[in-house]
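Structure at a glance
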Amino acid sequence: MSPLRTALVAQLLGGAIAASLIQIAYPRLFAAPLIAAAVQGLCAALVSDKLGGAKWWLIIHLGFLPAALSVGRLGSGLGIDPAWYFVCFVALLLIFWRTDKSQVPLYLSNAATASALAALLPEAACRVVDLGCGDGGLLRKLAARRPDCSFVGIEHAPLPWLWARLASLRWPNLTIRYGDFWRLRLDPFDVVYAFLSPVPMPHLIAKARSEMRSGTLLVSNSFAVPGIKPELSVAVGDRRDTILYCYRW
Ligand SMILES: C[S@@+](CC[C@H](N)C(=O)[O-])C[C@H]1O[C@@H](n2cnc3c(N)ncnc32)[C@H](O)[C@@H]1O
């Protein structure tokens, strides 16, 4: 079952179990919605655990309904129109898109990482791609440093893509594409950069092996590929102790 489906089943089943338990044991608890919501959270967390949901989902299940109730109460106390919740939901969806499916959330490479990556680029003009380029900030830094190279970013989340596209218009050596990087062939590129998560790494390395040309470089920010020794590991020296894992084919 997909993580989102598991979460939905856990919430619904947790709600049904909590309502039954309260009805049988202490119906007066329905008059205390926050406590009833806490019971639902506990039941949902237990169901999620039984269904094999990831451990970090337990915290979300525990807090989801109590937090939603509290925010709702706070909002109506402050006179906030409930339509704003929908607007916030849509905005978050457009920013984070199908993180549940890709298992790759949005977080951005910092300036120190951009410098370290620039130092890894070949001296001769080359083609570089950022798989899941987010707001395109990393590529803009590289495009400014290396006007002789061409840079491509591909992003599937609508708002980061739009931001990246508009912000990158003035860089003639930078192209931002909308789409799924799993459908992008990697053979035109000399350097492939990825800042993803541990989940897609085995799949990415298989794709890189079958599509990248010999002598070209895959740089993975923070996530090594289990069982494969990188040619080079570069410590960026920033506050989050970023490591760039470099694999050459
Ligand atoms: C951790 S962020 C990295 C952003 C950027 N590369 C950087 O280093 O600043 C990962 C990005 O990959 C995007 N992403 C995840 N899966 C993707 C896919 N299959 N196709 C395109 N983009 C994807 C996410 O939306 C997110 O913006």
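Figured I'd write up the structure that's included with this text.

**Section: the site of the ligand**
Surveying the vicinity of the ligand reveals 23 residues, the closest of which are S102, S109, G132, G134 and H156. At the level of secondary structure, the elements contributing two or more residues to the shell around the ligand comprise α7 (137–145) and β2 (150–155). Residue composition of the shell around the ligand, grouped by class: 14 nonpolar, six polar and three charged.

**Some details on the packing of helix α2 (residues 33–50) against helix α3 (residues 55–77)**
At their nearest, the axes of α2 and α3 sit 8 Å apart, and the two run at 160° to each other. It follows that α2 is roughly antiparallel to α3 by the angle criterion. Considering how the two elements wind past one another, α2 and α3 form a crossing that is right-handed. Facing P33, L34, A37, A38, Q40, G41, L42, A44, A45, S48 and D49 of α2, the residues of α3 in contact are W57, L58, H61, L62, G63, F64, L65, P66 and L69. Partitioned by chemical class, the residues of the contact of α2 with α3 number 14 nonpolar, five polar and one charged.

**Structural notes on the packing of helix α1 (residues 3–25) against α3**
Following both chains from N to C, one finds α1 and α3 inclined at 40°, their axes separated by 11 Å at the closest point. Between α1 and α3, the angle is such that the two are oblique. Crossing angle aside, the handedness with which α1 passes α3 is right-handed. Mapping the contact onto sequence places A7, A10, Q11 and G14 in α1 and W57, H61 and F64 in α3.

Parameters at a glance
Residues numbered from 1 in each chain as written. Predicted model: local features only at pLDDT ≥ 70, side-chain atom pairs only at ≥ 80, totals over all residues. Near = placed C-beta within 6 Å. Helix = DSSP H or I, 4+ residues; strand = E, 2+ residues; numbered from the N terminus. Nonpolar A, V, L, I, M, F, W, Y, C, P; charged D, E, K, R; others polar. Axes fitted to C-alpha atoms, helices over the stretch in contact; angles between N-to-C directions. Parallel < 35°, antiparallel > 145°, perpendicular 65-115°, else oblique. Left-handed = near helix turned anticlockwise from the far one by under 90°. Contact = placed C-beta atoms within 7 Å.

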